[in-house]
Amino acid sequence: MPPKSLIDLSHPLTPQTTIYPGDPPFAMHSVCNIPNDGYTVHAVSLGTHTGTHVDAPFHFFVQGQKLHELSLERFVGRAVVVDVRHLACARRRIEWRDVRECLDRTRGTIASLGPRSEGKIDMVLFWTGWDGWWSEQKYFDHPYFGRDVAEELVEMGVQLVGVDTLSPDETVLVPDGGKQKEDAFAMHEVLLGRGCLICENLTNLGELVGRNSGEGADVWVSLAPLSLHGADGAPVRAFGWTEKPR
């Protein structure tokens, strides 16, 4: 039975879509129209990491799995939404001890994380609230996560980590005088290196938490990407819902 209501977790793709520095911009233009051709067709140009999207291991590792090599089941499942809004300051690094404190606030959350084969939850979504700065310059100044966060999550058996920011790692704006930092892509390297997927630029995670508050319902999400053969990532139409455990 389909859920009664779905929560859209994706940003719309427009000319104002925030793009990671150096990535190709999103563009769409008309190639056929009804007055001249009798039907409408548009051409679309975008990078594989445009808007709300997933990263496959091939994004950082030559021998890593490509998008078409991942089963569809990897992108749909129960998720834990971790509220870290109180830690979300511009360019602040959030460490594992911070995340652990957030998880400990809800009884049983830590114990619920692990492999699906054990009946546990293997998707973690971090709610920073930074999606409120989407399409603005400040969106690039998002908080990010330390290497130890990735290491702890993959050790537990987490298979997908999502964020409502441009990246789980710090975004360094080289044209603005920034320099590549050591450990600049720690989250990407650890997560993708262990086969854990990443979903970036999520939005509306707070609505999932609100629907789940006090009801004992499970949070479910679908983060299925476009089926791009050989790709390192692809945009998704992410959505979520809640349902009571059977």
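Shown above is the structure to which this text applies.
So, how was this worked out
- Residues numbered from 1 in each chain as written.
- Predicted model: local features only at pLDDT ≥ 70, side-chain atom pairs only at ≥ 80, totals over all residues.
- Heavy atoms only, no water.
- Helix = DSSP H or I, 4+ residues; strand = E, 2+ residues; numbered from the N terminus.
- Buried < 20%, exposed > 50% of the residue type's maximum accessible area, 1.4 Å probe, protein only.
- Contact = heavy atoms within 4.5 Å.
- Pairing = 2+ DSSP bridges.
- Core = buried A, V, L, I, M, F, W, Y, C linked by side-chain atoms within 4.5 Å.
- Arc of directions from axis to C-beta.
- Axes fitted to C-alpha atoms, helices over the stretch in contact; angles between N-to-C directions.
- Parallel < 35°, antiparallel > 145°, perpendicular 65-115°, else oblique.
- Left-handed = near helix turned anticlockwise from the far one by under 90°.
- Nonpolar A, V, L, I, M, F, W, Y, C, P; charged D, E, K, R; others polar.
- Phe/Tyr/Trp six-rings, centres within 6.5 Å; stacked < 30°, edge-to-face > 60°.
- Lys NZ or Arg CZ within 6 Å of the ring centre and 35° of its normal.

This paragraph deals with the overall build of the protein chain. From N to C terminus, the protein chain includes 6 helices and 13 strands. Counting only C-alpha atoms and orienting by the principal axes, one finds that the protein chain spans roughly 60 × 50 × 35 Å. Taken over 246 residues, the protein chain has a buried fraction of 47%. At a minimum sequence separation of 6, the contacts of the protein chain that also span at least 24 residues come to 72%.

Examined bridge by bridge, strand E1 (residues 7-8) and strand E13 (residues 239-243) share 2 bridges and lie antiparallel to one another. Note that in E13 the partner of Ile-7 across the bridge is Gly-240. Judged from the 5 bridges that link them, strand E11 (residues 218-222) and E13 form a sheet pairing that is antiparallel. Counterpart to Val-219 in the pairing with E13 is Thr-242.

Bringing the environment of Ile-7 into the picture now. Examined against the element boundaries, Ile-7 turns out to sit in strand E1. By relative accessible area, which is 2% here, Ile-7 ends up buried. Spatially, the C-alpha atom of Ile-7 lies 7.2 Å from that of Glu-207, the residues being 200 residues apart in sequence.

Bringing the nonpolar core into the picture now. A general feature of soluble globular proteins is that nonpolar side chains tend to end up buried together. Within the largest apolar cluster, 28 residues are counted, with the highest numbers of intra-cluster contacts made by Phe-126 and Phe-145. Mapped by element, the contributors of at least two residues to this core are strand E5 (76-83), helix H2 (96-104), strand E7 (123-127), helix H4 (147-156), strand E9 (160-163) and helix H5 (186-193). Looking at this core element by element, the count peaks at 5 residues for H4. Discounting chain neighbours no more than four positions away, the residues touching Phe-145 are Val-84, Arg-93, Ile-94, Val-99, Phe-126, Thr-128, Val-163, Pro-168, Asp-169 and Met-187.

The subject of this paragraph is H4. By the burial criterion, the buried members of H4 are Val-149, Ala-150, Leu-153, Val-154 and Met-156. In an axial view of H4, the angular spread of the buried residues amounts to 155 degrees, which keeps them on one side of the axis. Backbone geometry just after H4 places Gly-157 at a positive phi near 110 degrees.

Let us now look at the sheet that holds strand E10 (residues 197-200). As summarised here, the arrangement of the 9 strands in space is E1-E13-E11-E5-E7-E9-E10-E4-E12, forming an open sheet in which the pairing is mixed. At either margin of the open sheet sits one strand with a lone partner, and together these are E1 and strand E12 (233-235). Here E5 pairs with E11 via 4 bridges, running antiparallel. Within E11, the position partnered with Arg-78 by the bridge is Trp-220.

At their nearest, the axes of H4 and H5 sit 8 Å apart, and the two run at 15 degrees to each other. As the angle between them shows, H4 and H5 are arranged roughly parallel. As H4 runs across H5, the sense of the crossing is right-handed. Here H4 contributes Arg-147, Val-149, Ala-150, Glu-151 and Val-154 to the contact with H5, which in turn contributes Ala-186, Met-187, Glu-189, Val-190 and Leu-191. A breakdown of the residues in the contact of H4 with H5 according to their chemical character gives 7 nonpolar, no polar and 3 charged.

With that settled, the discussion passes to the packing of aromatic side chains. Under the defined criterion, the tally for this structure stands at 6 aromatic pairs. Centroid distance Phe-126 to Phe-145: 4.4 Å. Interplanar angle 35 degrees. Geometry classified as tilted. Residue Phe-126 is found in strand E7, and its partner Phe-145 is found in strand E8 (residues 144-145); the two are separated by 19 residues along the sequence. Neither residue differs from the other here; Phe-126 and Phe-145 are each classed as buried. Three or more aromatic residues joined by ring pairs make a cluster, and in this case those are Trp-220, Phe-239 and Trp-241. The aromatic ring of Phe-58 is capped on one face by Lys-66, whose charged end is 4.8 Å from the ring centroid. The positively charged end of Arg-85 is found above the aromatic ring belonging to Trp-127, 3.8 Å away from the centroid.

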